[in-house]
Amino acid sequence: MLILVYAVLIIILLLVILNLRYPSVSWDTNNIRFEGLLFPDGFIWGVATSSHQVEGYCDNNDWYIWENSIDEVGKPRVKNGQKSGVACDHWNRYREDIELIKELGCNAYRFSIEWSKVEPEKSRWDEKAIDHYQAVCECLLEKGIRPFVTLHHFTNPIWIWEMGGFENEDTVKYFLEYVEKIVTSLKVYVDWWATFNEPVVYAVLGWYLGIFPPGKKNILEATRVLANLLEAHAKAYYVIHGADDFDADGDGVTCNVGIVKSVQIFDPYRRWNLLDWLVFYMLDYYYNQSFIDAFLSGEFKVNVPLSVRYRRRIELLENSLDWVGLNYYTRVLCGLGLFRKEKVILKNTKRLPVTDMGWTVYPQGLYRALLRLRSLGVPIFVTENGIATMDEKLRGEFILQHVDAVREALLDGVDVRGYFYWSLMDNFEWAEGFDKRFGLYYVNYNNLERELKKGSEIYKKIILNNIMRQKR
Ligand code: GCO
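Residues numbered from 1 in each chain as written. Predicted model: local features only at pLDDT ≥ 70, side-chain atom pairs only at ≥ 80, totals over all residues. Heavy atoms only, no water.

Caption draft 1: Inspection of the pattern of salt bridges at higher detail. All chains considered together, the criterion is met by 30 salt bridges. Two residues, Asp-249 and Arg-146, come together in a salt bridge whose shortest N-O distance is 3.5 Å. Taken together, the positions of Asp-249 in the loop between α10 (219-243) and β5 (256-262) and Arg-146 in strand β3 (residues 146-152) put the pair 103 residues apart, joining distant regions of the chain. Owing to a relative accessible area of 33%, Arg-146 belongs among the partly exposed residues under this scheme. In this structure, Asp-245 engages Lys-187 in a salt bridge whose closest nitrogen and oxygen atoms are separated by 2.9 Å. Highlighted residues: Asp-245 in the loop between α10 and β5 and Lys-187 in the loop between α8 (170-186) and β4 (192-197), separated in sequence by 58 residues. A single network of salt bridges, built from pairs that share partners, joins Lys-79, Glu-432, Asp-435 and Lys-436. (Salt bridge = Lys/Arg side-chain N within 4 Å of Asp/Glu carboxyl O. Helix = DSSP H or I, 4+ residues; strand = E, 2+ residues; numbered from the N terminus. Buried < 20%, exposed > 50% of the residue type's maximum accessible area, 1.4 Å probe, protein only.)

Caption draft 2: Summary view of the site of the ligand. In the region of the ligand, 13 residues are neighbours, and Gln-53, Glu-198, Glu-384, Glu-429 and Trp-430 sit closest. Isolated, the ligand exposes 320 Å² of accessible area, and the fraction of that covered by the protein chains is 94%. The residue inventory of the shell around the ligand, partitioned by class, reads 6 nonpolar, 4 polar and 3 charged. (Near = heavy atom within 4 Å. Areas by Shrake-Rupley, 256 points an atom, 1.4 Å probe, with all protein chains shown as cover. Nonpolar A, V, L, I, M, F, W, Y, C, P; charged D, E, K, R; others polar.)

Caption draft 3: Examining the sheet that holds β3 more closely. Read once around its circumference, the closed barrel built from 8 strands follows the order β1-β2-β3-β4-β5-β9-β12-β13, with strand pairing classed as parallel. Across the sheet, the mean angle from the axis of one strand to that of its neighbour is 25°, orientation sign disregarded. The sheet contact formed by strand β1 (residues 44-48) and strand β13 (residues 416-422) spans 5 bridges and is parallel. Along β13, the bridge assignment pairs Ala-48 with Trp-422. Packing of α10 onto the sheet brings it into contact with β3, β4 and β5, and relative to β4 it is tilted by some 165°. (Pairing = 2+ DSSP bridges. Axes fitted to C-alpha atoms, helices over the stretch in contact; angles between N-to-C directions. Contact = heavy atoms within 4.5 Å.)

Caption draft 4: The environment of Asn-228, seen in detail. As for its position among the elements, Asn-228 is in helix α10. Residues Asn-228 and Asn-168, spaced 60 residues apart in sequence, show a C-alpha to C-alpha distance of 8.2 Å. The residues touching Asn-228, leaving out its near neighbours within four places in the chain, are Phe-166, Glu-167, Asn-168, Glu-169, Val-172 and Arg-312. Within the structure, the side chain of Asn-228 is placed 2.7 Å from the backbone oxygen of Phe-166, a separation counted as a polar contact. (Polar contact = N/O pair within 3.5 Å; in protein donor to acceptor, adjacent residues only side chain to side chain.)

Caption draft 5: Main features of a nonpolar patch on the surface. Taken together, the side chains of Met-1, Leu-2, Leu-4, Val-5, Tyr-6, Val-8, Leu-9, Ile-10, Ile-12, Leu-14, Val-16 and Leu-20 make up a nonpolar region of the molecular surface, amounting to roughly 1,300 Å² of accessible area. Structurally, Val-8 can be placed in helix α1 (residues 2-21). Looking at Val-8, the relative accessible area reads 45%, which means it is partly exposed. (Patch = residues over 30% accessible without salt bridge, like charges linked within 9 Å, V, L, I, M, F, W, Y side chains within 5 Å.)

Written out as structure tokens, the structure is:
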């Protein structure tokens, strides 16, 4: 009997500690005025895209294979069998698109290089494709827009795919050759480099959930891929520092190398249930914390009971960041479905708006994610944040509320240097196809015309208000 009493007391105590240690932050997000959203001088205001999603003509990468294949039950991999095809034709229309970025008032553009276009076959470089990216950078600089280049945003050339992609450790070597080539070709324009976009998402969707190529469902394999990506990052950090000796923006620093991390906020669905806390801990640990710890300790370690155990020392990983990019979209409530088929329950928060992706709008999560990444001890850029919706009022509110959350983090002393909205324009949203519209500009896929959406105007106002103030 006494043991039972002790057990109950311990559980209560644990729950109190957990609730205090991981509070679910919330504040009133109504009545935020753009005039109040003031940021330090030199703050970066940008928009982001990625090659496969906007350029078009990506017919030599693993996503091309994926879009043209079917799953075990004969269903297409992308919703309704859609294919990226010409996408937004950004490859040809980049000049007009950069003009659109300028019209927003932005001073930065985050985009990615399509590896399959610049190195269509092993060690064969397509100089025309490299010229293209040089022209993009030149055009940006002419307009006073700083390029932030992502070297790997989910896609690989087919020859890399054929050798097993990042499942195969040899891919790291080829990735480094590609990185060196690009950095040498673009160093006179670019000072801000990101090695990988969302390594955890990439490994999990491709090797565990099977929604991205290669469509595998093995958590240990996903974890190994992740370790290879971290190793590739660590080595690329030094390759980039070795190759980029040119200070493109004249600030005295030749290059800044980072990685882009998607932070998803998890909270227990029932805050009084210890089992939900356990699920929260496992998800948060795998998705967010193990990645942060790996950079702090140089060791990538995952230990999720009943699921996966993995440990690897990654040489050079410690101190391999000059900055970190944060992609933030949503918060998920999680819990244990003891008597359900699906053991892990994932839920939205009642009463909060939901986007067309089915994601809860929770701006406080951006503040929490920024605080979370602070432990890495390097400047942070919000490299993606945005909403897929047809409701322009909601888009406007989303932008105001999230920019406000960034400001809150700044006021708390977090070193946030910039904010990039995802995305400049509607585009190919991977397995979801073209239906989910994140863009500030609406893309009419019949004639590819772009048009500023109503909800995007507030972003323009926020930027203008900050830039005007800096000029005064
Ligand atoms: C990702 C990518 C983007 C997405 C965006 C919206 O997180 O998957 O970085 O390519 O399009 O995040 O889902």
